[in-house]
Amino acid sequence: MDMEKGHAYAPPRQSNAWGIYGACAATVGAIAAIAAAAIAGGLPDGDFSSVISELSAKVDAAAADLKIVYTDPAGNKPFLQRAYASVNGAIDAHYQDWSARIKPIGWHTARLAESGDASDGSGNVEFKYIGDEKDGKTDFGFGPLVPILTIGEHDENTGYVPVGVPDGIGIMRTDQETVRMIYQSESYGNLASGRSWFQEVNMNGAKFTGSHVTYVDYRVPTTATLYSSTSSDKLSYGFADAVHLNGGMTNAASTVTAAGSVFDEVYNLAGEKVVARNGNEQISSGAHLGDTSKDGHYVTADKDNLAATAENAWTFHSFCSAHLEQARQWAGDTAGETYGVENDIWITNEEWTDLDANATAAHGFSGLSAHVIDLASRKMYAAGVFGLGGFEKIVEFNCGHEDFVCFSPSGYNGNFGGSDAQTAIVNAKKATGKVRKDGKDWVYPQDIVPARVYVGRKGYDATGTKCEAKCGFLERNGLAFGQVYGFAVDTATVTTNRDAWHKGNNRTASPATHTISRTSGKWAPIDWKFNSSAITNVEDADLFHWQDKPVLPSSVSGTYQFWTAAGPDEGGAKTEHNSPSPVGEHKFVQSSTAGYFGIYEVIDMATDLTNAAAGAFPEYFDASYEMIEGETDINTRINLCAVGSVCTQGKLAKSGKDATEMYDGGTNDDGSEKWKTTFEDVDGLEWIAAKNSSGASSVILHGVTYSYDDYFVIQEDAGNWYGDRMFISKMPAANAAATHNFVAMAGGKKNSRVLSKLAIPAGAFGSATGSEFSGVADASGAFRQTTLGGAARRIADLQVAIDDKSILIGLQQHSVSGGVVAAFGADRGGQVFMWDVDNVA
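Residues numbered from 1 in each chain as written. Predicted model: local features only at pLDDT ≥ 70, side-chain atom pairs only at ≥ 80, totals over all residues. Heavy atoms only, no water.

Novice: It is not clear to me how the state of the cysteines should be interpreted in this structure. Could you clarify?
Specialist: In protein chemistry, a disulfide is the covalent bond that joins the sulfur atoms of two cysteines. Here the structure, examined in full by the defined rule, presents three disulfides. The side chain of Cys467 participates in a disulfide bridge whose partner is Cys471; the two sulfur atoms lie 2.0 Å from each other. One quick way to see it: the torsion about the S-S bond of Cys467 and Cys471 is about 85°, and its sign makes the bridge right-handed. Per residue, the accessibility class of Cys467 equals that of Cys471, and both read buried. A sulfur-sulfur separation of 1.8 Å characterises the disulfide bridge that pairs Cys641 with Cys647. Classification of the bridge connecting Cys641 and Cys647 rests on its S-S torsion, roughly 65°, and on that basis the disulfide is right-handed. Counting only the cysteines that form disulfides, in the order they appear in the protein chain, gives the pairing 1-2, 3-4, 5-6. (Disulfide = S-S within 2.5 Å. Buried < 20%, exposed > 50% of the residue type's maximum accessible area, 1.4 Å probe, protein only.)

Novice: Whenever I open this one, the side chain of Thr309 confuses me. Can you help?
Specialist: Secondary-structure assignment places Thr309 in helix α6 (residues 306-311). Residue Thr309 is classed as buried on the basis of its relative accessible area, which comes to 16%. From its side chain, Thr309 meets the backbone oxygen of Lys303 in a polar contact 3.1 Å long. Residues within four places of Thr309 in sequence aside, it is in contact with Arg277, Gly279, Asn280, Asp302 and Lys303. (Helix = DSSP H or I, 4+ residues; strand = E, 2+ residues; numbered from the N terminus. Polar contact = N/O pair within 3.5 Å; in protein donor to acceptor, adjacent residues only side chain to side chain. Contact = heavy atoms within 4.5 Å.)

Novice: I would appreciate a short explanation of the pattern of salt bridges in the present structure.
Specialist: Once the charged atoms of two side chains with opposite charge are near each other, the side chains can pair. One pass over the structure, following the stated rule, counts 37 salt bridges. Between Asp548 and Lys437 there is a salt bridge; the shortest N-O distance is 3.6 Å. One end of the pair, Asp548, is in the loop between β25 (521-525) and β26 (560-562); the other, Lys437, is in the loop between α8 (419-431) and β22 (452-457), and 111 residues separate them in sequence. Put simply, Asp664 and Lys676 hold a salt bridge, and the shortest N to O gap is 2.8 Å. One end of the pair, Asp664, is in the loop between β31 (638-639) and β32 (682-691); the other, Lys676, is in the loop between β31 and β32, with 12 residues separating them in the sequence. (Salt bridge = Lys/Arg side-chain N within 4 Å of Asp/Glu carboxyl O.)

Novice: For this particular structure, what's the right way to read empty space enclosed by the protein?
Specialist: Sizing a probe to match a water molecule and rolling it over the atoms shows the empty space that remains. Here the structure, examined in full by the defined rule, presents eight cavities of 30 Å³ or more. Of the voids in this model, the largest cavity is the one considered here, and its volume is about 240 Å³. Lining the largest cavity are 20 residues, and of these Glu686, Asp778, Arg793, Arg794 and Asp797 lie nearest its centre. Put simply, the parts of the chain that give the lining of the largest cavity at least two residues each are β6 (166-175), β14 (323-325), β27 (575-580), β32, β37 (771-778) and α14 (790-798). A class-by-class count of the residues in the lining of the largest cavity yields 12 nonpolar, three polar and five charged. (1 Å grid on protein atoms, 1.4 Å probe; cavity = no way out; pocket = protein on both sides within 12 Å on 5 of 7 lines; lining within 4 Å. Points joined across faces, edges and corners; volume = space filled by probe spheres on them. Nonpolar A, V, L, I, M, F, W, Y, C, P; charged D, E, K, R; others polar.)

Novice: What should I look at first to understand the pairing of β22 in this one?
Specialist: Both faces of the sheet carry side chains from a regular strand, because those side chains alternate between them. Of all six residues in β22, six are buried; the element is thus mostly enclosed. Of the two faces of β22, the one carrying Arg452, Tyr454 and Gly456 and the one carrying Val453, Val455 and Arg457 are both buried. Relative to strand β23 (residues 482-490), β22 runs antiparallel, the two being bridged by five bridges. The partner of Val453 across the bridge, within β23, is Tyr485. (Pairing = 2+ DSSP bridges.)

Novice: Just to check I follow, could you spell out the side chain of Asn741 for this structure?
Specialist: With respect to the element layout, Asn741 can be found in strand β36 (residues 740-746). Among the residues examined, Asn741 registers a relative accessible area of 8% and is labelled buried. Of note is the side chain of Asn741, whose polar atom sits 3.0 Å from the side chain of Asn639.

Novice: For this particular structure, what's the right way to read unusual backbone geometry?
Specialist: When glycine is set aside, most residues are seen to have a negative phi, and most peptide bonds are trans. Note that the residue after Gly164, namely Val165, is joined by a cis bond; omega there is -5°. With respect to the helices and strands, the residue Val165 is situated in the loop between β5 (153-154) and β6. Residue Asn312 is not a glycine yet carries a positive backbone phi of 60°. When you line up the elements, Asn312 lands in the loop between α6 and β13 (314-316). With a phi angle near 50°, Asp681 is a residue other than glycine that sits in the positive phi range. Structurally, Asp681 is set in the loop between β31 and β32. Note on Asp681: relative accessible area 12%, which makes it buried.

Following this line, the structure appears as structure tokens:
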């Protein structure tokens, strides 16, 4: 009996794969019978024979694939073998030993996250916290975190291995008894770190390394009751608190019902099914265009890596973050009124790559796009409508209009490699003959980009033509034809660029300096729209447009410029994670690597969309911005512990230091450590609404008034040597500064547990390096909703007070890269936690 802290894990579940195949075969047989009866009855043969033949061939192919997947010498865990062989070349003599070590999903209860360093505050290690698969300090002042997935575990039925490091995360109720957690791995393939196992797609030889997208299904109570000892095989709200108080005697393994990839078909920017890579040879149709030029020449920098070329795999380049967008998730004022995309989708994106400079100069590069997964059909579509510069995160926010969808994209805008590749791209732009309106030379576009909004028209194809019954998935969801807008400011009233404006700015200044009103802000369109029937390289895409002056109608007075980090001629701080207003306002919050964040609004959006010409888009939108936190000192506004408690949280390995400050390796002029008192690189960020009968805000949804408060979960990716931090903060009152509650920390090259080479799972330590919390999803509504769907989930979220919230949290643990993690191609480690919030209100 395998045990951790006295808890046995359950026996393997039975696979239903052959049942599915049998159902498919029976369906084909039924169609054949119907067709035969129809023909016998005198109806014309038509295409019945060819349809039946095609269906039969597909079912036979699926059966052959299932035999590969579901058959192995031990009679189980075929995906485990596939993952192992993918990174080790074959099932060798060591496989049985490694397969005996890997545990089922949810088995581990020890946490990589901690409430403070495993030392006494004076730099002396406390050895009771040191050791593989042991907790560090876990007296979390604002509620316990309990792992429901640890990288280096597997599905105990099929052997499916979730890949690290976890990033974007989401949750949805799929039926009365099941919640589905979805997360993606920020894995880099052969460009950096440990390569992930190959995912085979399209049943045509195509396969991918790099990032993956995984689901795990958990059993939940059929009635919304608090966790109890009788529901230990259910993942319900109160679960984290119960596990925490029971000293880890219960884990999440028995609640897991299934796990796997969320997609198995992949389509490129041109709408073509991706085909197998052919070494470095050109593929004129079906190439993964994130690795190639517009005409299929391979240009990724691993082209000269002979081992990588021999593997013949495409790469998904760093799925950084993501968002789950359920169909019509935005409730309107009146009963039954909903807005948003038409299907349940997972929207992810490739973030960065490293290009081969010579190949790029010769052939160009088509760019890095978003990828949208239809969760029902398991098909992934490259979506170029947001741009081709690579993204950090893309989120849907509410348009408030039946015919449109609205998204906020954020990210680098061109992190494609070294200076030679960058020069090749700039030279290609100059060769187009297009010039900047101000007469200056084009510069490399990375991080020269404002906050952005995408508006898409539902029911239109890429040429702007109504498709009606012919609409496919992208057209139906407004992701084939749309317009990108950027936040622009009147330089007469906003006289500094975005980074400089935020530096030292605070909400308490008098007169107020933390807002930009609609008289000074506009959402201005760029002169570019993506067209999937005319794929281009990046010099002809959206990337360089932000260096030009915005095009606004003559009715708009003032001199406008896109509000980028450092102006149109150089890059600055990157736009990091963003998150939509959870109650459906036309707003989203946006963070930055400089540590500041704030809320952008699209004013009168529904009205302007209604007034747009048929098949067209508004010439602009009025815009506003409210800074929540500037690049300012926060150390005196951090609560390390809950009010009224004995404070022991947040102590660091550095004597006399705590988590009110951070250190990323910088030095002062005298050579001493330069500790920082601001936020650094606010990477993870999620906007959450919580019930409060006397809350600061209210909203009417489906005819009911809800009072609530707004909160932000803040996660740094700062390279903090002593442990990167996570906070939760309440929306501050007007002209007041925010207070930030310290939730947890993890990792860091000077962290005591990392220096001790601790790992979870055991034996998986790689090197002393950093961690980052990345990914947040409010799970409260998914547990409590009584009807399915995104709107029901969001309304249920809104009915839960902050101290009753259950929130999913992702953690990337880069120091864990050996042992079972390496053996099965899971790249680097991490955990997904259930966090039961407490003491925040």
